[in-house]
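# Structural overview for review
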2 protein chains.
Amino acid sequence: MVQYLQKLNTTFGALADPTRRGILKRLGRSDAGITELAQAFEITLTGMKKHVGVLEAAGLVTTEKIGRVRRCRLGPRRLDDESAWIADYQRMLEGRLNRLGEFLERTREKQ
Amino acid sequence: MVQYLQKLNTTFGALADPTRRGILKRLGRSDAGITELAQAFEITLTGMKKHVGVLEAAGLVTTEKIGRVRRCRLGPRRLDDESAWIADYQRMLEGRLNRLGEFLERTREKQ
């Protein structure tokens, strides 16, 4: 349970940055080296390493050193827990709105 | 587009904290005052005000001052964009895995 909570902290935190979301989209097209990513996003190599590190810690990117180049690949996490969490929120919100609607209905009937 | 990106930053950032996710779950049952929430989560009133502020900025909670009490309510944001973003990621990941599978298949055939 604690592990599950920490996973959500790490992944939602990783997704809260536009550059990191951009990197994931870029890796959705093909694997890429860190230098290549740094150039594509016009940030320093150190900055890109940090972003990739956050994504790797969240399980959203896997890196592998091939010769002198560190290759980045999408995955392995599927974000199923995150997707389920959001679906739960949406159900809760709908439930609250329905109950509010019923309350307003009853109030109107009493008038 | 920029506004859409900022929304995702704010909501994913808001969801990256276990207390904030807990507050949303609590408000899924019923509306609550800030003092009530602070007591339930055993944190200071100032700490709770900050968390609620982050959730309010992300559109996940609405607050309303009724007399001396500030009531918190779930919504109005439905997290549809966030849900769509995650679904996109899942499709990209599946695409990458399929292409990797095809590549391995071809490599095996050549041997």
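Refer to the structure above for everything that follows.
Residues numbered from 1 in each chain as written. Chains lettered and ligands numbered in written order. Predicted model: local features only at pLDDT ≥ 70, side-chain atom pairs only at ≥ 80, totals over all residues. Heavy atoms only, no water.

### A closer look at the overall build of chain A
Broken down by element type, chain A carries five helices and three strands. Ordered by position from N to C terminus, the α and β elements of chain A give α-α-β-α-α-β-β-α. Over its C-alpha atoms chain A spans a radius of gyration of 21 Å, topping by over 25% the 13 Å that the globule rule assigns to 111 residues. Taken along its principal axes, the extent of the C-alpha atoms in chain A is 75 × 30 × 20 Å. Relative to its 111 residues, chain A shows a buried fraction of 38%. (Helix = DSSP H or I, 4+ residues; strand = E, 2+ residues; numbered from the N terminus. Rg over C-alpha atoms; globule rule 2.2 N^0.38 Å. Buried < 20%, exposed > 50% of the residue type's maximum accessible area, 1.4 Å probe, protein only.)

### Quick word on a nonpolar patch on the surface
A cluster of nonpolar side chains, L97(A), L100(A), F103(A) and L104(A), forms an exposed patch at the surface whose accessible area comes to about 370 Å². With respect to the helices, strands and loops of the structure, L100(A) is situated in helix α5 (residues 80-110). (Patch = residues over 30% accessible without salt bridge, like charges linked within 9 Å, V, L, I, M, F, W, Y side chains within 5 Å. Areas by Shrake-Rupley, 256 points an atom, 1.4 Å probe, with all protein chains shown as cover. Salt bridge = Lys/Arg side-chain N within 4 Å of Asp/Glu carboxyl O.)

### Examining the relation of the copies chain A and chain B
Two chain copies, one operation linking them: a rotation about an axis together with a shift along it. For the pair chain A and chain B, the best superposition has an RMSD of 0.0 Å and corresponds to a rotation of 180 degrees with a translation of 0.0 Å parallel to the axis. Such a combination of turn and shift is consistent with a two-fold rotation axis. (Least-squares fit on C-alpha atoms with pLDDT ≥ 70 in both.)

### A short note on the sheet that holds strand β2 (residues 61-66) of chain B
Residue and element names in this part refer to chain B. The antiparallel open sheet is built from three strands, whose spatial order is β1-β3-β2. Edge positions in the sheet fall to β1 (32-33) and β2, since each of these pairs with one other strand and no more. Both β2 and strand β3 (residues 69-74) contribute to a ladder of six bridges, which runs antiparallel. Across the sheet, residue V61 finds its bridge partner in β3, namely L74. Relative to β2, helix α4 (residues 45-57) is tilted by about 120 degrees, and along the sheet it contacts β2 and β3. (Pairing = 2+ DSSP bridges. Contact = heavy atoms within 4.5 Å. Axes fitted to C-alpha atoms, helices over the stretch in contact; angles between N-to-C directions.)

### A closer look at the packing of helix α2 (residues 18-29) of chain A against helix α4 (residues 45-57) of chain A
Helix-helix packing: each pair is described by the crossing angle between the helix axes and the interaxial distance. Residue and element names in this part refer to chain A. In the contact formed by α2 and α4, the axes pass within 10 Å of each other and the chain directions differ by 75 degrees. Relative to α4, α2 is oriented roughly perpendicular. Taken together, the residues of α4 that come into contact with α2 (itself represented by T19, R20, I23 and L24) are M48, H51, V54 and L55. Counted by class, the contact of α2 with α4 contains five nonpolar, two polar and one charged residues. (Parallel < 35°, antiparallel > 145°, perpendicular 65-115°, else oblique. Nonpolar A, V, L, I, M, F, W, Y, C, P; charged D, E, K, R; others polar.)

### Overview of the interface of chain A and chain B
Quite often, the size of an interface is put as the accessible area lost when its parts meet. If you look at the interface, chain A gives 39 residues, while chain B gives 39 residues. Here chain A meets chain B over a buried area of about 3300 Å², counting both sides, of which 62% is carbon and sulfur. At the junction of chain A with chain B, the criterion picks out two salt bridges. Summed over the shared surface of chain A and chain B, the number is 19 residue pairs in polar contact (both at pLDDT 80 or more). Listing elements by their share of the side of chain A that touches chain B, those giving two or more residues are α1 (2-15), α2, β3 (69-74) and α5 of chain A. With 14 residues, the top contributor of residues to the side of chain A that touches chain B is α5(A). (Buried area = accessible area lost by both parts, 1.4 Å probe. Polar contact = N/O pair within 3.5 Å; in protein donor to acceptor, adjacent residues only side chain to side chain.)

### What to know about the packing of aromatic side chains
Per the counting criterion, the structure on display carries five aromatic pairs over all chains. Ring geometry for F12(A) versus F12(B): centroids 6.0 Å apart, planes at 25 degrees, classification stacked. Taken together, the residues F12(A) in helix α1 and F12(B) in helix α1 (residues 2-15) connect one chain to another. Take F12(A) and F12(B): they sit in the same class, and that class is buried. Linked through ring pairs, F12(A), W85(A), Y89(A), F12(B), W85(B) and Y89(B) together constitute an aromatic cluster. (Phe/Tyr/Trp six-rings, centres within 6.5 Å; stacked < 30°, edge-to-face > 60°.)

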